[in-house]
Amino acid sequence: GRQALVLLPEIALSAQWLERFESRFGVAPALWHSDLTSAQRRATWRAVALGRAPVVVGARSALFLPFPDLGLIVVDEEHEAAFKQEDGVPYHARDMAVVRGQLGKLPVVLASATPSIETLNNVQSGRYRCLSLPERHGGALLPRIDLIDLREDKPPRLPAPGAPVAGAPVAGAPVAGAPGPGASGAGQQGGQAWLSGRLRAAIAETLAAEEQVLLFLNRRGYAPLTLCRACGHRLQCPNCTAWLVEHRLAGRLQCHHCGFASRLPKTCPDCGAEGSLAACGPGVERLAEEARALFPEARLGLMTSDTLTGPDAAAEFLRAVQAREIDLLIGTQIVAKGHHFPHLTLVGVVDADLGLYGGDLRAAERTYQLLHQVAGRAGRAERPGRVLLQTGEPEHPVMQALAGGERDAFLAAEAQAREEAGLPPFGRLAALILSGPDAQQVDALAAALARRAPRAQGLTVLGPAPAPLAVLRGRHRRRFLVKAPRGFRLQAALGNWLAGLKLPSNLRLQVDIDPYSFL
């Protein structure tokens, strides 16, 4: 007779999850996420407060609904970074769920096939109890994961229009959201390609067997960078230290950090050369263009946050995949979010190394978790699955762990490396980001803060230094990183450091304890 709360990292994309819940329990849960209308949010809030909503499924903010008699919290895919709120008041919904469970003396379930190192450390220290599910649901077998060394199996150039293509793809019409035969680019001209010969052959074989294929590339748009071949000028966001991403389907350049968008210019803004702008690197739209050129009869579908603009669109897309109206699915990380595609037997990861580097202490862990998740889309029913990872570093521990099925050994080694470095969860970190519209003013205040930085045994203050995104939404950003031992009273030290600090109205200081983002 008590209430239950289930937190999902991407509630708006969880139509299949909700269908399975209703089928199992006979009633649909109440929903709470940002895509609800004001009337829907008001109705859910009142139903929760009055105890009329026995189960709520929601995003991280559902933690703060007024449950009168909450009896259980489940955090699904607890390792997901989406549970960390970066803007406004930073908090991690997984950790806040545990706090709420402690305050209410109620059980909390953290569920994941690739648990975070923080959670595993709590298990090993005896704070959490571990329940293992050693087999896949329904007796399905785990897919076989093989590595494709891109240093040896380099993607051959695309064929010119009309050239024969090996393989026997499934006949059918294209679906909305994928570039069609009229799309411009390399697929129509011959040229740079991103699919290796081995992966192409596997796709052709799978399509010929009338099974579905997923190509995964965690990069939205057509190309991450556009530059001038005449002078080398790169098209950059005017508000951020970030390159503009070409979205060819929408006919625009876009910044993925502040949302700035513009049309692709016909001439170089720097040297004025006409027809000199070139797309560099692949995004999912460019990958779809290549797939269209290689497998013109296959029905393509793009699954990204740009093409699925709400719960209804996501539900319709997932229905089309399940109904086998799509043969070749191309997607970013949202395609890995627990979806069940019973006829999908091949997953090809186009750039498995993407995300392994960049100054993030969790880079290897996150890459392993994401690739393990997307690999899990293959062979979820009676047909066995295959996963091919294209990588330039097959010897990397992440790649070796994925290919060898050595999850526990990889996570143990990653935890040991963190412990030796004194990094979370074996140490404490705090990020202080100072930002403002005037770089000199920000630098002056950052220098003043540095002069009064705390000094204590075991405490290290790094910075100030320009953040990797040194300018974001027109604001210059300087970062301090504070490192301390696990038992250190970090919040108290920061409170004393910042006590009495008076910020001008145009400057902001954000403090993030145990940050998940280092941009």
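Located above this text is the structure these notes cover.
First, a word on scope: everything that follows refers to the structure included in this document. On a predicted model such as this, the values are computed, not experimentally measured, just so you know. (Residues numbered from 1 in each chain as written. Predicted model: local features only at pLDDT ≥ 70, side-chain atom pairs only at ≥ 80, totals over all residues. Heavy atoms only, no water.)

### Observations concerning the overall build of the chain
Here is step 1: Across its full length, the chain carries 13 helices and 22 strands.
Here is step 2: Taken against the 2.2 N^0.38 rule, which gives 24 Å for 519 residues, the C-alpha radius of gyration of the chain at 25 Å falls within 12% of a compact globule.
Here is step 3: Seen along its three principal axes, the alpha-carbon backbone of the chain occupies a region of about 70 × 65 × 50 Å.
Here is step 4: For the chain, the proportion of contacts with a sequence separation of at least 24, taken over those separated by at least 6, is 75%.
Here is step 5: As displayed, the chain has an accessible area near 24300 Å², and 53% of this comes from carbon and sulfur atoms.
Here is step 6: Taking the 57 positively charged and 49 negatively charged side chains of the chain as two groups, their mean positions are separated by 8 Å. (Helix = DSSP H or I, 4+ residues; strand = E, 2+ residues; numbered from the N terminus. Rg over C-alpha atoms; globule rule 2.2 N^0.38 Å. Contact = heavy atoms within 4.5 Å. Areas by Shrake-Rupley, 256 points an atom, 1.4 Å probe, with all protein chains shown as cover. Lys, Arg positive; Asp, Glu negative; His and termini not counted. Charge placed at Lys NZ, Arg CZ, Asp CG, Glu CD.)

### Regarding the environment of Ala242
Here is step 1: Along the polypeptide, Ala242 turns up in the loop between strand E10 (225-228) and strand E11 (245-247).
Here is step 2: Between the C-alpha atom of Ala242 and that of Cys258, which follows or precedes it by 16 residues, the distance is 9.7 Å.
Here is step 3: Not counting the four nearest positions on each side in its chain, Ala242 is found in contact with Gln236, Cys237, His257 and Leu469.

### Describing a nonpolar patch on the surface
Here is step 1: A contiguous nonpolar surface patch, about 390 Å² in accessible area, is contributed by Phe64, Met96, Val99 and Leu103.
Here is step 2: Position of Phe64 among the secondary structure elements: in the loop between strand E3 (55-58) and strand E4 (70-76). (Patch = residues over 30% accessible without salt bridge, like charges linked within 9 Å, V, L, I, M, F, W, Y side chains within 5 Å. Salt bridge = Lys/Arg side-chain N within 4 Å of Asp/Glu carboxyl O.)

### Examining the environment of Ala484
Here is step 1: Locating Ala484 in the fold gives a position in strand E21 (residues 475-485).
Here is step 2: The exposure class of Ala484 is buried, given its relative accessible area of 3%.
Here is step 3: Between the C-alpha atom of Ala484 and that of Thr460, which follows or precedes it by 24 residues, the distance is 6.4 Å.
Here is step 4: What Ala484 contacts, discounting residues up to four positions off in sequence, is Gly427, Arg428, Gly458, Leu459 and Leu490. (Buried < 20%, exposed > 50% of the residue type's maximum accessible area, 1.4 Å probe, protein only.)

### Some remarks on the packing of helix H4 (residues 117-124) against helix H11 (residues 407-421)
Here is step 1: The contact between H4 and H11 brings their axes to 11 Å, and the two run at 90°. On the basis of their axis angle, the class for H4 and H11 is roughly perpendicular. Facing Ile117, Glu118 and Leu120 of H4, the residues of H11 in contact are Leu411, Glu414, Ala415 and Arg418.
Here is step 2: Of the residues belonging to the contact of H4 with H11, the class tally is 4 nonpolar, no polar and 3 charged. (Axes fitted to C-alpha atoms, helices over the stretch in contact; angles between N-to-C directions. Parallel < 35°, antiparallel > 145°, perpendicular 65-115°, else oblique. Nonpolar A, V, L, I, M, F, W, Y, C, P; charged D, E, K, R; others polar.)

### Thoughts on the sheet that holds strand E20 (residues 460-472)
Here is step 1: Strand order across the open sheet formed by 4 strands is E20-E21-E19-E22, with antiparallel pairing between neighbours. Looking at the sheet topology across the chains shown, the edges are occupied by E20 and strand E22 (508-513). Put simply, the sheet's adjacent strands are angled 20° from each other on average, direction ignored.
Here is step 2: Where strand E19 (residues 427-436) lies against E22, 6 bridges are found, and the strand directions are antiparallel. Bridge pairing in E22 links Ser435 to Arg508.
Here is step 3: Against the sheet, helix H13 (residues 490-498) contacts E19, E20, E21 and E22, and its axis sits at roughly 30° relative to E19. (Pairing = 2+ DSSP bridges.)

### Some thoughts on the pattern of salt bridges
Here is step 1: Under the defined criterion, the tally for this structure stands at 21 salt bridges.
Here is step 2: Of the charged contacts in the structure, one is a salt bridge between Lys84 and Asp512, with a shortest N-O distance of 2.9 Å. In this pair, Lys84 sits in strand E5 (residues 84-85) while Asp512 sits in strand E22, placing the two residues 428 residues apart along the sequence.
Here is step 3: Classification of Asp512 as buried rests on a relative accessible area of 8%.
Here is step 4: Across the pair Glu365 and Arg418 runs a salt bridge whose closest N-O atoms are separated by 2.5 Å. Residue Glu365 is located in helix H9 (residues 363-375), and its partner Arg418 is located in helix H11; the two are separated by 53 residues in the primary sequence.
Here is step 5: According to the relative accessible area criterion, Glu365 is buried, its value standing at 2%.
Here is step 6: Under the relative-accessibility criterion, Arg418 is labelled buried at 2%.

### Things to note about unusual backbone geometry
Here is step 1: Cis rather than trans, the peptide bond between Pro424 and Pro425 has omega equal to 5°.
Here is step 2: Note on placement: Pro425 falls in the loop between H11 and E19.
Here is step 3: Between Gly463 and the following residue, Pro464, the backbone shows a cis peptide bond with an omega angle of 10°.
Here is step 4: Here Pro464 shows up in strand E20.
Here is step 5: Although it is not a glycine, Lys105 sits at a positive phi angle of roughly 55°.
Here is step 6: Of the residues examined, Lys105 reaches a relative accessible area of 74% and is grouped as exposed.
Here is step 7: Despite not being glycine, Arg473 has its phi angle at roughly 55°, a positive value.
Here is step 8: When you line up the elements, Arg473 lands in the loop between E20 and E21.

Bear in mind that shape data such as this cannot, by itself, settle questions of function.
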